[in-house]
Amino acid sequence: MRRAGWKRPLGVLLGLLVLVLGLPAAAQAQPGPSHPRPRPPVEDPAPTGPDCTTTPSSTQAGYSVADPRCVFNGAAYTGARFVPQTNAAGHPISRTLTGILAGAPYRIEVPKQHWNGQLALFAHGFRGNGTTVWVDDSPLRTYLVAHGFAWAASGYSTNGYDVGQGVLDSHALIGLFAGKVRTARSVYMTGVSMGGHITAVEIEHFRGDFVGAMPACGVLGDTELFDYFTDANVTAAALTGTAIQFPMTLAAGQAYTPTYGAQVLSELPALGSGFVTGNPANVSLTPTGQTWASTVELRSGGIRPGFASGFAFWASAGFAPLTNVPFLFGVYPGLSGGTIGIADGNVVDNRFTLYRIGDNRGPLTAAEIALNRSVLRVAATTPPSRGLTGIPKVVGDPHIPVLSMHDLGDLFVPFKMEQIYAQRVAAHGESRLFVSRAIRGVGHCDFTQAEFQRGFADLVTWVRTGHRPAGDRVTDARVVASPTFGCKFTDPTPGAHVGFVAPVCPS
């Protein structure tokens, strides 16, 4: 009786310490589930050949699945393996599980000791239109295990810009995890690039299944990404007097690609020189080119520090099949029927887009009037999907804390995506649930471990305590244009973000 009486006050005392001192969730003791362990979903048969061999997909004709036990880079196996992490003495500190579920390879990792009962899902980004699917580690893998979190990632059963399939395959891991380990007491959703789009749709489609989300460099504006790609191309054409077209089907766009490539090469001298001459490109812009760069800046997120270095970085990289022209021309949606071949019709619509030069304030100048009169206008034939087909819409109604981050110089998935999401969340009266952080980088998803880890740690603290962390005012044009914008959350380590040139941050 005395021992039982001692344990009860001790438990109460520990509970009070957790509340008063704010001990992290990882330190709280979690009782085991009182209900039977769920039965995991039926998985595909394990590969019967040697390790690191690719097997035919069970769900997608013509697809194959890379062995999730082995590291695959999209073209070949590297020789590395997905194995448990170890401590300094070489002893495993985690256990790993792999397999294939409905044609989607997956990886799961759980801390061997002191698992906090929480799971973080990771959604990868766009991988082109190849027919081999593979799975990556979470970029936070080491951090998560060290802090008591389990994580899981799917390679999806399809490639292409198939956000809906990514949502379904990622969500399926929750049930799989429950059957193989146990039901997680809380689940976080994370993802990069297209995986950020998946993250935003996931938490809206499966309400109540997640406690927090961290998209990074995400397509948080759904079809507005394709509008932006179109903006960059039609303004260049209008300013140079180039009569480009916008084919409305994938087949017509593919047939038009060689012609469009020749048209771009013909208009480049009017824009400047030095395109595709390295990374970053040594670009020298003509007055017309400077006007074009200004329109791209405004359509990609507004006047902001470091845009010139981001523009030079993205002026150097081609995009197949137009690898000999600047990157932004190769992603022209008119070459793929108005999307990346996933939606049933064209999602681009710039009929009412107002193109500005210099800034977004004041009456239109004569040059802006001329640009808006001459630019090619395109009407959408299909809207963003309210379901999981085509290009799923991001409503901006998360109901849970969302912390995001984005590179200021990213012109693949531009900083504007953060602003669009912030506006949509505000329209739903949920601004208190969104925090965005600007990072001073020029690449796509160019984040350091320090930036990733700080973001996730702040999200977890937010979920646990209810205290909203600090962020950047991404929709305030004057704040975004200030010389110090992006300093607050960028890793200050020298060399952390090579290529970003802007006024230096205060020391």
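Everything below is about the structure shown above.
No experiment lies behind these values; they were computed from the predicted model shown. (Residues numbered from 1 in each chain as written. Predicted model: local features only at pLDDT ≥ 70, side-chain atom pairs only at ≥ 80, totals over all residues. Heavy atoms only, no water.)

Asker: A description of the overall build of the chain should follow, citing residues and the corresponding values.
Answerer: Within the chain, the secondary structure is distributed over 13 helices and 15 strands. Taking 2.2 N^0.38 as the reference for a compact globule, 507 residues should give roughly 23 Å; the C-alpha atoms of the chain span a radius of gyration of 24 Å, in line with that estimate. Counting only C-alpha atoms and orienting by the principal axes, one finds that the chain spans roughly 90 × 55 × 45 Å. A burial count over the chain gives 52% of its 507 residues as buried. For the chain, contacts bridging at least 24 residues in sequence account for 74% of all contacts bridging at least 6. Within the structure as shown, the chain displays about 21600 Å² of accessible surface, and the carbon and sulfur contribution to it stands at 58%. Taken together, the 37 basic and 33 acidic charged side chains of the chain have centroids lying 10 Å from each other. (Helix = DSSP H or I, 4+ residues; strand = E, 2+ residues; numbered from the N terminus. Rg over C-alpha atoms; globule rule 2.2 N^0.38 Å. Buried < 20%, exposed > 50% of the residue type's maximum accessible area, 1.4 Å probe, protein only. Contact = heavy atoms within 4.5 Å. Areas by Shrake-Rupley, 256 points an atom, 1.4 Å probe, with all protein chains shown as cover. Lys, Arg positive; Asp, Glu negative; His and termini not counted. Charge placed at Lys NZ, Arg CZ, Asp CG, Glu CD.)

Asker: For the environment of Ala152, give the residues involved together with the corresponding values.
Answerer: Within the secondary structure, Ala152 sits in strand S9 (residues 150–154). On the basis of relative accessibility, which here comes to 0%, the residue Ala152 falls in the buried class. Along the sequence, Ala152 and Lys393 sit 241 residues apart, while their C-alpha atoms lie 25 Å from each other. Beyond its immediate sequence surroundings of up to four residues, Ala152 is in contact with Arg107, Ile108, Leu119, Ala120, Leu121, Phe122 and Leu173.

Asker: Before we move on, could you go through the side chain of Thr382 and cite the residues and values that matter?
Answerer: Relative to the helices and strands, Thr382 is located in the loop between helix H10 (366–374) and strand S14 (402–407). Residue contacts for Thr382: discarding those within four places in its chain leaves Ala343, Asp344, Gly345, Asn346 and Val347.

Asker: Residue-level account of the layout of surface pockets, with values.
Answerer: One water molecule sets the probe size; rolling that probe over the atoms shows where empty space is left. Empty space within the largest pocket amounts to approximately 700 Å³. In terms of lining residues, the largest pocket is bounded by 33 residues, among which Leu298, Arg299, Asn360, Lys416 and Gln419 are the most central. For the lining of the largest pocket, the per-class residue count stands at 13 nonpolar, 9 polar and 11 charged. (1 Å grid on protein atoms, 1.4 Å probe; cavity = no way out; pocket = protein on both sides within 12 Å on 5 of 7 lines; lining within 4 Å. Points joined across faces, edges and corners; volume = space filled by probe spheres on them. Nonpolar A, V, L, I, M, F, W, Y, C, P; charged D, E, K, R; others polar.)

Asker: How would you explain the state of the cysteines if you had to name every residue and give the values?
Answerer: This structure, assessed with the given rule, holds 3 disulfides. Residue Cys52 pairs covalently with Cys70 via a disulfide, S to S 2.0 Å. The disulfide joining Cys52 to Cys70 has a torsion of about -85° about its S-S bond and is therefore left-handed. One end of the pair, Cys52, is in the loop between helix H1 (2–21) and strand S1 (55–56); the other, Cys70, is in strand S3 (residues 70–72), with 18 residues separating them in the sequence. Judged by relative accessible area, which is 1%, Cys70 ranks as buried. Cys217 shares a disulfide with Cys445; S-S distance 2.0 Å. (Disulfide = S-S within 2.5 Å.)

Asker: Requested: an account of the side chain of Ser138, with residues and values cited.
Answerer: Within the secondary structure, Ser138 is located in the loop between strand S8 (132–133) and helix H2 (141–146). Judged by its relative accessible area of 5%, Ser138 falls in the buried class.

Asker: Can you lay out the packing of helix H3 (residues 163–180) against helix H4 (residues 194–205) for me, pointing to particular residues and giving the numbers?
Answerer: Relative orientation of the contacting elements H3 and H4 amounts to 65°, with a least axis distance of 9 Å. In terms of orientation, H3 and H4 fall into the roughly perpendicular class. As for the relative orientation of H3 and H4, their crossing is right-handed in sense. Each of Val163, Gly166, Val167, Ser170 and His171 in H3 lies in contact with H4, whose residues at this interface are Met194, His197, Ile198, Val201 and Glu202. Looking at side-chain class alone, the contact of H3 with H4 contains 5 nonpolar, 4 polar and 1 charged residues. (Axes fitted to C-alpha atoms, helices over the stretch in contact; angles between N-to-C directions. Parallel < 35°, antiparallel > 145°, perpendicular 65-115°, else oblique. Left-handed = near helix turned anticlockwise from the far one by under 90°.)

Asker: Which residues make up the pattern of salt bridges, and what are the values?
Answerer: Tallied over the entire structure, the rule returns 17 salt bridges. Two residues, Arg69 and Asp67, come together in a salt bridge whose shortest N-O distance is 2.7 Å. The partner of Asp458 in a salt bridge is Arg437, with the nearest N and O atoms 2.8 Å apart. Of this pair, Asp458 sits in helix H12 (residues 449–465) while Arg437 sits in strand S15 (residues 434–439), placing them 21 residues apart in sequence. Bridged by salt links that share partners, the residues Asp51, Asp67, Arg69 and Arg81 form one connected network. (Salt bridge = Lys/Arg side-chain N within 4 Å of Asp/Glu carboxyl O.)

Asker: Go over the packing of aromatic side chains with me, naming the residues and quoting the values.
Answerer: Evaluated as defined, the whole model comprises 28 aromatic pairs. With 5.5 Å between their ring centres and 65° between their planes, Phe72 and Trp134 make a pair best called edge-to-face. Of this pair, Phe72 sits in strand S3 while Trp134 is found in the loop between S8 and H2, placing the two residues 62 residues apart along the sequence. Comparing Phe72 with Trp134 shows no difference in burial state: the two are buried. (Phe/Tyr/Trp six-rings, centres within 6.5 Å; stacked < 30°, edge-to-face > 60°.)

Asker: Hey, could you go over the sheet that holds strand S2 (residues 64–65) for me, with residue numbers and the actual values?
Answerer: Read across the sheet, 3 strands follow the order S1-S2-S8 without closing on themselves; strand pairing throughout is mixed. Of all the strands in the sheet, just S1 and S8 have a single pairing partner and so form its edges. Sheet analysis places S2 next to S8, joined by 2 bridges and oriented parallel. Within S8, the position partnered with Val65 by the bridge is Val133. (Pairing = 2+ DSSP bridges.)

Asker: Pulling in residues and values, what's your account of the pairing of S14?
Answerer: If a strand is regular, its side chains alternate between the two faces of the sheet. Burial analysis of S14 places 6 of its 6 residues in the buried class, which makes it a mostly covered element. Covered by surrounding structure in S14 are Val402, Ser404 and His406 together with Leu403, Met405 and Asp407, the residues of both alternating faces. Of the strand pairs in this sheet, S14 and S15 are connected by 6 bridges, and their pairing is parallel. For Leu403, the partnering residue across the bridge sits in S15 and is Val435.

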